Amino acid sequence: MATPAAPKCPAPMKATSNGVFQGDYPLDYALPLAIVQICLVLVLTRVLAYLLRPLRQPRVVAEIIGGILLGPSALGRNEKYLHTIFPPKSLTVLDTLANFGLLFFLFLVGLELDPKSLRRTGKNALCIALAGISFPFALGIGTSFALRATISQGVNQGPFLVFMGVALSITAFPVLARILAELKLLTTDVGQMAMSAAAVNDVAAWILLALAIALSGNGSSPFISLWVLLCGAGFVLLCIFIGPPIFKWMARRCTDGDPVDEIYVCATLAAVLAAGFVTDTIGIHALFGAFVLGVLVPKEGPFAGALVEKVEDLVSGLFLPLYFVSSGLKTNVATIQGAQSWGLLVLVIITSCFGKIVGTIVVSLLCKMPIQEALTLGFLMNTKGLVELIVLNIGKDRGVLNDQTFAIMVLMALFTTFITTPIVISIYKPAKLAVTEYKHRTIERKDTSKRVRMLTCFYSTRNIPTLINLIEVSRGTEKREGLRVYAMHLMELSERSSAILMVHKAKRNGLPFWNKGDVSDSNQVVVAFETFEHLSKVSIRPTTAISPMNSMHEDIITSAESKRVAMIILPFHKHQRLDGHFETTRTDLRHVNRRVLQQAPCSVGILVDRGLGGASHVSASSVDFTITILFFGGHDDREALAYGVRMAEHPGITLVVVRLVVDPEVAGGSVKLDMNQNSSPEAQSQDEVVISGLKHKISKDGSIKYEERTVKDAAETFEAIKSYNRCNLYLVGRMPEGQVVASLNKKSECPELGPIGNLLISPEFSTTASILVVQQYRSQLSQDSLSSLEEGESSDGNVSN
């Protein structure tokens, strides 16, 4: 009788193929298949992240959903797809790449966690963290008995209890930090309390997870688990004694402004891999070693920043999404069948939410927190995300969680993370900071001796020389109280984890981080402004605002209101190329400018930078600028004139005021009709009063010149403006009024600059002068002004750059 043939194992995959022309199918080889898998994962997760953006969901939610969709729960139901794209023989390579990415990501998470902040954690935050761990941990143990009696029969009781307790009690520190930052709650009391409690929770969770892994070993003797724990503790102590001195020595040898030596970065990354190898050898997990080293790296100085820069994009953008797919391939929602399984899913979700939320709320109320803040804190601490998946995957790999239990726990983690942002938005709306009503919201004012406050914004160091030179000529004379400038560096809160490192600088409730005099900041931006402050009579306060681009305008407006500024200076969203034409830097910057123009609590200026004074700061004694004001009439033009008159007080400034008026012979017809719509008699009379005052001032001040030009039509207006192109700076109103402008007022590509600003940046107009387009504050902007901005928003998709 013939014996049955033994099952044949599939041959191991070779790394690369010889190509289709040699008869090789690329997907049968490890490298081409891995490339296809990575590309598929990236496309799907990025599309899902874009679709979930309106719901304010962190990217981790999209990546978890993407992983589940690619696995046997959705697309994987098609056997042909599953065996072609994710064949069983490729999963080892996929898991290796995913864990490799996760290893370095946990190193980055450790970099975010500052041990000093843990030592400063207050008693309330500590109590809330302990309650947020112990109560759900106890409920997790209780839930584990229900699961062991039904769908998890036969699993090792000890490890299963601990894994369930950890899974229900964990708070994902990196995900929580991003949610708080995007909701602008990171700097509020409830946000700071959540971050402190989550940091303590994170450390406690890793310790409990180490215990769970030690207990889940295959050894039959309990002494093996004890040895694993003792060796793990010994490794941590060894790192604490050896690591910091070495890292501090490296950090001291990395100076600001110079690139960090590659040998230090390479040595640190090698140490991360070595630490992962040691902890894996001990029997805990390679992730622990990487996390511990990340915590021990000093957070100050350029060294930590260089490490993040080298590692982050490749790991977070490319390798980490593979971990979610690896989890998704192990998650089969189809295993949750019948009323019992779905009932257990509901039980796990309710237990998880109840334990975390109620435990946190009760202790928060005992700590005398307001009920609204306590409720918000409870939901924030219920955030799961990536760290939860790590726990579940380790449990699955160790045989502690079966397929059905794993699927239930993954869905629980997805649900609890998904509900966090919508619920927090609905229940917690922190009151706006009490802002003192202030009088001087414009440069134009009756008492010109009072100090002027300005908020200047910039995105990159490219704008700084022009900004500093603009501040120099705006400072007025010593007879005044002077000029105070708040220089705000606008930085986008991206999906990169290093954005959280930047956000941790925020110190004041709901506001960006304002540098105090006693704070030493080596940032080159701050150094530039501090140097200028020492050389001039201007008081400058540098600041950093870090927000998503879609809410950046809120930071600008709130800061302007709290600092009671008279004018906000914004950079134009285009920069000039070498050939003189303008190209868009980023489209979303123009949206920020438009929203500020619509909602600003003061006057606004948009600076078109053509290099005012060159690429460096011009000293006060070397200033020799000609500033031209094109005056047509109206609120915005009067504001530009008031600002120009202030500039003219600088000894190095020559101010030329050009008033363009319609030739009396043609001041009728359609132009007259347009004029009636665009300019009121009151505005005309105010213009005359301002011009009369200017003429009186000219009689005493030789640095100001006033000219009137009579024009008949748009062509003559253009030629008249063109004759004044030899200047350093144009000052114009955004929405001028009067007969002359009526003939020019056409639909423009950049309505935030108004008709004159668009004319000055057009290719037909040749000049090297920078342009400052000014909008004067009014409690209600004119309908023309608002409608032009709204039309610009709707036509963005059709505008070519």
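Higher on the page you've got the structure.
Bear in mind that the values here come from a model prediction, so they are computed numbers and not experimental data.

Engineer: Quick one: what's the story with the pattern of salt bridges, residue by residue and with numbers?
Structural biologist: For side chains bearing opposite charge, pairing can occur when the charged atoms are close. In this structure the tally under the stated criterion is 6 salt bridges. Where Glu63 meets Arg59, a salt bridge forms, and the shortest distance between an N and an O atom there is 3.4 Å. Taken together, the residues Glu63 and Arg59, both in helix H2 (residues 59-70) and 4 residues apart, mark about one turn of the helix. Each member of the pair, Glu63 as well as Arg59, is classed as buried. Salt-bridge contacts for Arg590 lead to Glu752; the nearest nitrogen and oxygen are separated by 3.9 Å. With Arg590 in helix H22 (residues 587-599) and Glu752 in the loop between helix H27 (739-744) and helix H28 (754-761), this residue pair connects regions lying 162 residues apart in the sequence.

Engineer: Could you give me a rundown of the packing of aromatic side chains, with the residues and numbers involved?
Structural biologist: If you walk through the whole model with that rule in mind, you get 7 aromatic pairs. Both rings, one in Trp249 and one in Tyr264, keep their centres 5.9 Å apart while their planes meet at 85°; by these two values the pair is edge-to-face. Linking Trp249 in helix H10 (residues 222-252) with Tyr264 in helix H11 (residues 262-282), this pair joins segments that are 15 residues apart in sequence. You can call Trp249 partly exposed: its relative accessible area is 41%. Assessed through its relative accessible area of 10%, Tyr264 is described here as buried. Measuring from ring centre to ring centre gives 6.2 Å for Tyr730 and Phe765, while their planes differ by 65°; the resulting arrangement is edge-to-face.

Engineer: Describe the nonpolar core, and please don't skip the residues or the numbers.
Structural biologist: Judged by nonpolar contacts, the single largest core of 147 residues is most densely connected at Phe86, Phe303, Leu386 and Ile390. Beyond its immediate chain neighbours, meaning those up to four positions away, Leu386 contacts Val60, Leu102, Phe105, Val175, Leu320, Tyr323 and Phe324. Core analysis: the next-biggest nonpolar cluster, separate from the first, contains 54 residues, Tyr438, Leu570, Ile606 and Phe765 among them.

Engineer: Provide a residue-level description of the packing of helix H13 (residues 302-330) against helix H16 (residues 386-397), including the pertinent values.
Structural biologist: Packing of H13 against H16 brings their axes to within 11 Å, and their N-to-C directions diverge by 50°. In terms of orientation, H13 lies oblique with respect to H16. Considering only the axes of H13 and H16, their crossing is left-handed. Mapping the contact onto sequence places Leu320, Tyr323, Phe324, Ser327 and Lys330 in H13 and Leu386, Leu389, Ile390, Asn393, Lys396 and Asp397 in H16. Considering only residue class, the contact of H13 with H16 consists of 6 nonpolar, 2 polar and 3 charged.

Basis of the calculations
Residues numbered from 1 in each chain as written. Predicted model: local features only at pLDDT ≥ 70, side-chain atom pairs only at ≥ 80, totals over all residues. Heavy atoms only, no water. Salt bridge = Lys/Arg side-chain N within 4 Å of Asp/Glu carboxyl O. Helix = DSSP H or I, 4+ residues; strand = E, 2+ residues; numbered from the N terminus. Buried < 20%, exposed > 50% of the residue type's maximum accessible area, 1.4 Å probe, protein only. Phe/Tyr/Trp six-rings, centres within 6.5 Å; stacked < 30°, edge-to-face > 60°. Core = buried A, V, L, I, M, F, W, Y, C linked by side-chain atoms within 4.5 Å. Contact = heavy atoms within 4.5 Å. Axes fitted to C-alpha atoms, helices over the stretch in contact; angles between N-to-C directions. Parallel < 35°, antiparallel > 145°, perpendicular 65-115°, else oblique. Left-handed = near helix turned anticlockwise from the far one by under 90°. Nonpolar A, V, L, I, M, F, W, Y, C, P; charged D, E, K, R; others polar.

What is shown is where atoms sit, not what they do.
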